[in-house]
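The lines below spell out each chain.
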Amino acid sequence: MSKPAVIPRHTDSNGWWNSLAPPPVPRSLTGRVRVRTAVVGGGICGVSATNRLAELCPDEEICLIEAERVGYGASGRNAGFMLNLHSHGAPKQLEILRRNMQLWEAGLNSLRRKVESWQIQCDWSEAGRFYGAAGPDGEKHLGHIAETLDALDLPYTWQGRDALEQRIGTGFYSNGLHTGGNALVNPAALMRGLAQHLPANVTLFEESPVTELEPLDNGYKIWTPDGEVIADRVVLATGVFLRQFGIATAHFVPMATYGSLTAPLDPAALSVLGTGEEFGMLGGSEYGATIRLTWDKRLFVRNYFNFVPGAPASRGRVAEISQMHRRAMAVRWPDLSDQPFEHSWGGSMAFTRNNGTVFGSFGPNLYAVLTNDVSPMTRGEAAGSLLAEYMENIDSELLSLQLSIPGPSRLPPRPFLDLGIRLRHGYLHLIARDEF
Ligand SMILES: Cc1cc2nc3c(=O)[nH]c(=O)nc-3n(C[C@H](O)[C@H](O)[C@H](O)COP(=O)(O)OP(=O)(O)OC[C@H]3O[C@@H](n4cnc5c(N)ncnc54)[C@H](O)[C@@H]3O)c2cc1C
């Protein structure tokens, strides 16, 4: 029996979600429901697994149970980069990278197909991405990114200080490059759209946190505050909350990172931003800031990571970190230093030591999937769908590839883990200080 001690409940303002029209009233779980499969967690992994299971088993009842709203958790509060590739550090283990890339590409193509065929309005854009460097750490990493793109035969163009200044209106970056193959989206709109198109044999229960998972002789009983589900099999796709169910507890680290979003900029503010066209910029350095100018002309800033073994970040913490976002905007565009943020928020993601993924069977008729910190959204889309195929014994080259990716390696116990993380992240923040 598992009883999660921590239930996700965000109290901050997810800007992607709050800039959309209000969603339909959620259906929460009441009374007793009987299904063949229950999926817990409506992030990218859970929604993708549910969708594929429902396609593969059209005559079976499936339910997806989400503690908050689909699109309000990490999958709907990220920076919106749907990546075909992401890699820091010198190109090493190219074989593993190539295998991973096939999975990221599969996830990206699957999302692209769904967005097109279901006409999901999520501002999907193929504007590619910049990487920018502002100091020695960024410069070093930018070189590594270029080497990796060369080794994989992927196209990119160098963007020096002048080119970047013309394009995005700041001389902050000493060097950069532009590459393509990824998409930029409003992630909350993407997640809402995916949930709206779940097949007819799926019932979505939102605002229904699972408070207990009880094994039965032939299946499981799932408790929520006002209802219960009896299921033959269960998929746990609860993101960093997976540890609350006792799975992979010593194998991944929940890390929070934070975003802020302005209102749409007026023409005077926009004129500061070079051509004023949409862009997405990732830090060359591992801990550099992510900056976007969205399709509807809002500026987005993401930076800072911290270890959050417990609940989502408090509003107070988010407000503190939004001051860092303000500084990041002001050093790049001093004319925008008074531009207020409309929303600031935090979210958590899983870091593993070896980029391993939690995937597969974790008990009788109990399955779990968790994406990690490298291209998590596209990896999650692929892994969720492949988990459904694994459960239905469907072989494919992609599934073999997924199974060949190592699981997350074991981490040291606490408090050594806390100390190790503090030292490593302190160091990474320090060397990336010019890139904030
Ligand atoms: C600010 C920020 C920027 C990021 N930028 C990017 C980016 O640009 N590109 C990228 O690919 N990734 C990015 N990420 C990471 C990415 O968003 C996550 O790694 C990914 O969304 C995790 O997906 P998931 O399905 O594993 O988990 P989640 O999206 O966290 O989904 C798990 C769901 O389970 C639900 N849940 C948990 N416990 C329970 C329970 N007891 N009962 C019911 N439901 C429960 C949660 O409410 C949640 O909705 C970013 C993350 C953040 C926070």
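Note that the structure is a prediction, hence the values are computed from the model and not measured.

> Would you mind showing me how to read the overall build of the protein here?
Scanning the protein from terminus to terminus reveals 11 helices and 18 strands. Computed over its C-alpha atoms, the radius of gyration of the protein comes to 21 Å, within 12% of the 22 Å expected for a compact globule of 436 residues. With the C-alpha coordinates aligned to their principal axes, the bounding extent of the protein is approximately 65 × 45 × 45 Å. At a minimum sequence separation of 6, the contacts of the protein that also span at least 24 residues come to 77%.

> Sorry, what's going on with the nonpolar core here?
Here is a general trend for soluble globular proteins: nonpolar side chains tend to be buried in one another's company. Membership of the largest hydrophobic core comes to 40 residues, with the highest contact counts inside it found for Met-82, Leu-190 and Leu-194. Elements represented by at least two residues in this core include exactly helix 2 (44-56), strand 2 (62-65), helix 3 (94-117), helix 6 (187-196), strand 8 (202-205), strand 18 (366-370), helix 9 (376-391) and helix 10 (397-404). If you tally residues by element for this core, the top one is helix 9, at six residues. The contacts of Leu-190, once residues within four sequence positions are left out, are Met-82, Leu-111, Val-115, Ile-120, Cys-122, Val-185 and Met-377. In this structure, Val-35, Ile-65, Val-210 and Ala-350 belong to the second largest nonpolar core, which totals 28 residues.

> Just to check I follow, could you spell out the packing of aromatic side chains for this structure?
Aromatic ring pairs are described here by two measures, namely the spacing of the ring centres and the angle between the planes. Considering all chains together, one arrives at 12 aromatic pairs under this definition. Taken together, a centroid distance of 5.4 Å and an interplanar angle of 70 degrees make the contact between Phe-305 and Phe-351 edge-to-face. In this pair, Phe-305 is assigned in strand 15 (residues 299-307) and Phe-351 in strand 16 (residues 341-351), connecting sequence segments 46 residues apart. Given the relative accessible area of 9%, Phe-305 is considered buried. A residue is classified by how much of its surface remains accessible, and Phe-351, at 15% relative accessible area, is buried. One aromatic cluster is present, formed by Trp-16, Phe-300 and Trp-345 through successive ring pairs. In this structure, Arg-192 packs its charged tip against the face of Trp-17, placed 4.2 Å from the ring centre. The residue whose ring lies beneath Arg-243 is Phe-252, and the NZ or CZ to ring-centre distance is 5.5 Å.

> So what exactly am I meant to see when it comes to the sheet that holds strand 12 (residues 253-262) here?
Strands in a sheet are paired, the pairing made by backbone hydrogen bonds, and the direction either parallel or antiparallel. Here eight strands make up an open sheet; going across it, the order is 5-6-4-13-14-15-12-16 and the pairing mixed. Looking at the sheet topology across the chains shown, the edges are occupied by strand 5 (156-160) and strand 16. Put simply, the sheet's adjacent strands are angled 20 degrees from each other on average, direction ignored. Of the strand pairs in this sheet, strand 14 (residues 290-293) and strand 15 are connected by four bridges, and their pairing is antiparallel. Within the sheet, the bridge partner assigned to Arg-292 lies in strand 15 and is Phe-300.

> How do you make sense of the site of the ligand when you look at a structure like this?
Near the ligand there are 35 residues, and of these Glu-66, Ser-75, Phe-81, Val-210 and Met-377 occur at the shortest range. Gly-43 places a main-chain nitrogen or oxygen 3.5 Å from an oxygen atom of the ligand. For the ligand, whose accessible area on its own is 1,000 Å², the fraction buried by protein is 96%. Looking at the shell around the ligand, the elements with two or more residues in it are helix 2, strand 16 and helix 9. The element best represented in the shell around the ligand is strand 16, accounting for three residues. Per-class residue counts for the shell around the ligand are 19 nonpolar, 13 polar and three charged.

> Sorry, what's going on with the pairing of strand 12 here?
Here is the key point about a regular strand: its side chains alternate between the two faces of the sheet. Counting buried residues along strand 12, 10 of its 10 residues qualify, which places the element largely inside the surrounding structure. Of the two faces of strand 12, the one holding Val-253, Met-255, Thr-257, Gly-259 and Leu-261 and the one holding Pro-254, Ala-256, Tyr-258, Ser-260 and Thr-262 are both buried throughout.

> Mind showing me how you'd approach the pairing of strand 6 (residues 175-179) here?
Both strand 4 (residues 129-133) and strand 6 contribute to a ladder of five bridges, which runs antiparallel. Note that in strand 6 the partner of Phe-130 across the bridge is His-178. Judged from the five bridges that link them, strand 5 and strand 6 form a sheet pairing that is antiparallel. Bridge assignment links Trp-158 to a residue of strand 6, and that residue is Leu-177.

> Please explain the environment of Leu-270 as it appears in this structure.
The residue Leu-270 is located in helix 7 (residues 267-270) in this model. A C-alpha to C-alpha distance of 31 Å links Leu-270 and Ile-431, two positions 161 residues apart in sequence. With near-sequence residues (within four places) excluded, Leu-270 lies in contact with Leu-265, Gly-276, Leu-293 and Lys-297.

> What is the right way to look at unusual backbone geometry in this model?
With the exception of glycine, the majority of residues adopt a negative phi angle, and the majority of peptide bonds are in the trans configuration. With omega at 5 degrees, the peptide bond leading from Arg-414 into Pro-415 counts as cis. Looking at the secondary structure, you find Pro-415 in the loop between helix 10 and helix 11 (416-431). Here the phi dihedral of Tyr-304 falls at roughly 75 degrees; this positive angle occurs in a residue that is not glycine. If you trace the backbone, Tyr-304 turns up in strand 15. In the Ramachandran plot, Ser-375 falls in the positive-phi region, its phi being about 50 degrees despite a non-glycine side chain.

Calculation notes
- Residues numbered from 1 in each chain as written.
- Predicted model: local features only at pLDDT ≥ 70, side-chain atom pairs only at ≥ 80, totals over all residues.
- Heavy atoms only, no water.
- Helix = DSSP H or I, 4+ residues; strand = E, 2+ residues; numbered from the N terminus.
- Rg over C-alpha atoms; globule rule 2.2 N^0.38 Å.
- Contact = heavy atoms within 4.5 Å.
- Core = buried A, V, L, I, M, F, W, Y, C linked by side-chain atoms within 4.5 Å.
- Buried < 20%, exposed > 50% of the residue type's maximum accessible area, 1.4 Å probe, protein only.
- Phe/Tyr/Trp six-rings, centres within 6.5 Å; stacked < 30°, edge-to-face > 60°.
- Lys NZ or Arg CZ within 6 Å of the ring centre and 35° of its normal.
- Pairing = 2+ DSSP bridges.
- Axes fitted to C-alpha atoms, helices over the stretch in contact; angles between N-to-C directions.
- Near = heavy atom within 4 Å.
- Polar contact = N/O pair within 3.5 Å; in protein donor to acceptor, adjacent residues only side chain to side chain.
- Areas by Shrake-Rupley, 256 points an atom, 1.4 Å probe, with all protein chains shown as cover.
- Nonpolar A, V, L, I, M, F, W, Y, C, P; charged D, E, K, R; others polar.

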